[in-house]
Amino acid sequence: MPQAVVHVLFTIIVLDLFRDHFLKNKKRLPLHYVFIGGIAGLLPDIDIPLFWLLNNFLSLNVTWFHRIFTHTFFFVLIFLFISLIYFDFNRKVSKLFAIITFGVAFHIFLDWLLVGGVAPLYPFSDRVYGLNLIGRLNLPLAIEGLEAIVLLWWLWHEEKTHKISDFI
Ligand SMILES: [Zn+2]
């Protein structure tokens, strides 16, 4: 972790801000791609249900492997590689995998920034890197409200730029 909602929310917000402020033609990044990016922002934590599945469903007694295989540069490169392969003959698929690449990379960045750390060079090195801001600042209450603060700020931003309350 951080919480799943932090990963989804932060990835969507960053993609949306990029879409709003840096892209000249917003149609190049349709909203459903932003949504897919949000899902990809959760993808590296697929190891948690996978672990549960292996242990409880298939009764394989594997040791806890969260934040190992799916939190590496190698995992990011898989999606980047697919995006590059498709670049010349299917731009849509290429763009889709570029968004997934971003979501996955941003997840690993957040784990690096906020929690204990990640070992991005695994399997070549077990060395764990991370700022562990949540642990170091020791402010669980403030951090627990972090996603709420970010969400409120983003809603304010959307209201200011798109008048979203007109649609409610
Ligand atoms: Zn994670």
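Everything numeric in this text was worked out from a predicted model, so none of it was measured.

Cut-offs applied
Each chain has its residues counted from 1, following the order in which its sequence is written. At least 70 in pLDDT is required for a residue's local features to be given in this predicted model, at least 80 for side-chain atom pairs to be given and counted, and no such filter applies to totals for whole chains, interfaces and linings, which use all residues. Side-chain numbers here rest on the full set of heavy atoms in the structure, without hydrogens or water. A run of DSSP states H or I qualifies as a helix once it reaches four residues; a run of E qualifies as a strand once it reaches two. Both are numbered from the N-terminal end. Throughout this description, buried means an accessible area under 20% of the type-specific maximum (1.4 Å probe, protein chains only), exposed means over 50%, and partly exposed covers the range between. Contacts were defined at the residue level, with two residues in contact if any of their heavy atoms lie within 4.5 Å. Counting rule applied: Lys, Arg positive; Asp, Glu negative; His and chain ends not counted. Just so you know, the charge point we use is NZ for Lys, CZ for Arg, CG for Asp and CD for Glu. Excluding water, the donors of a metal are its N, O and S neighbours within 2.8 Å, or within 3.2 Å for Na, K and Ca, and that exclusion means sites may look incomplete. Irregular is the default label, applied whenever a site is not tetrahedral (four donors, all angles between 85 and 135 degrees) and neither square planar nor octahedral (four or six donors, opposite donors over 155 degrees apart, all other angles between 65 and 115). Residues belong to a common nonpolar core when they are buried Ala, Val, Leu, Ile, Met, Phe, Trp, Tyr or Cys residues joined through side-chain atoms within 4.5 Å.

Enquirer: I would appreciate a short explanation of the overall build of the protein in the present structure.
Expert: Broken down by element type, the protein carries 8 helices and 0 strands. Reading the secondary structure of the protein in the N-to-C direction produces α-α-α-α-α-α-α-α. Taken over the C-alpha atoms alone, the protein extends approximately 55 × 50 × 30 Å along its principal axes. For the protein, the residues scored as buried account for 35% of the 168 residues in total. Excluding contacts between residues fewer than 6 apart, the proportion of contacts in the protein whose partners are at least 24 apart in sequence is 57%. Charged side chains in the protein number 13 positive and 12 negative. The centres of these two groups are separated by 11 Å.

Enquirer: When you look at the coordination of the zinc ion in this model, what are you seeing that I'm missing?
Expert: Ideal values differ by geometry: the angle at a metal is 109.5 degrees with four tetrahedral donors, but 90 or 180 degrees with six octahedral donors. Distances from the zinc ion to its protein donors, namely D45 (OD), H71 (NE2), H107 (NE2) and D111 (OD), fall within the range 2.1 to 2.3 Å. Of note is the zinc ion, whose 4 donor atoms meet at the metal with angles of 89 to 169 degrees in an arrangement that counts as irregular. Coordination of the zinc ion draws on donor residues from a single chain, spaced D-x25-H-x35-H-x3-D in sequence. Within this pair, whereas H71 is found in the loop between helix 3 (47-57) and helix 4 (73-86), its partner D111 is found in helix 5 (residues 91-114), the two being separated by 40 residues in sequence. The class for D111 is buried, based on a relative accessible area of 0%.

Enquirer: Whenever I open this one, unusual backbone geometry confuses me. Can you help?
Expert: Omega for the bond connecting Y122 with P123 falls within 30 degrees of zero, at 5 degrees, which places this linkage in the cis form. Within the element layout of this structure, P123 appears in the loop between helix 5 and helix 6 (133-137). The backbone of S59 sits at a positive phi, close to 55 degrees, despite the residue not being glycine. A residue is classified by how much of its surface remains accessible, and S59, at 56% relative accessible area, is exposed. Even without glycine at this site, R67 takes up a positive phi of about 65 degrees.

Enquirer: Would you mind going over the nonpolar core with me for this structure?
Expert: Nonpolar side chains tend to gather and get buried jointly when the protein is soluble and globular. Counting 17 residues, the largest nonpolar core has F10, I13, L29, V34, I99 and L110 as its most contacted members. When contributions to this core are tallied by element, the ones reaching two or more residues are helix 1 (4-21), helix 2 (31-40), helix 5 and helix 8 (146-162). Per-element tally for this core: the top contributor is helix 1, with 6 residues. Beyond its immediate stretch of four places on either side in the chain, I13 contacts V150, W153 and W154. Of all hydrophobic cores here, the second largest spans 9 residues; its members include F79, F97, I100 and V104.

The values reported here are purely geometric and, on their own, carry no functional implication.
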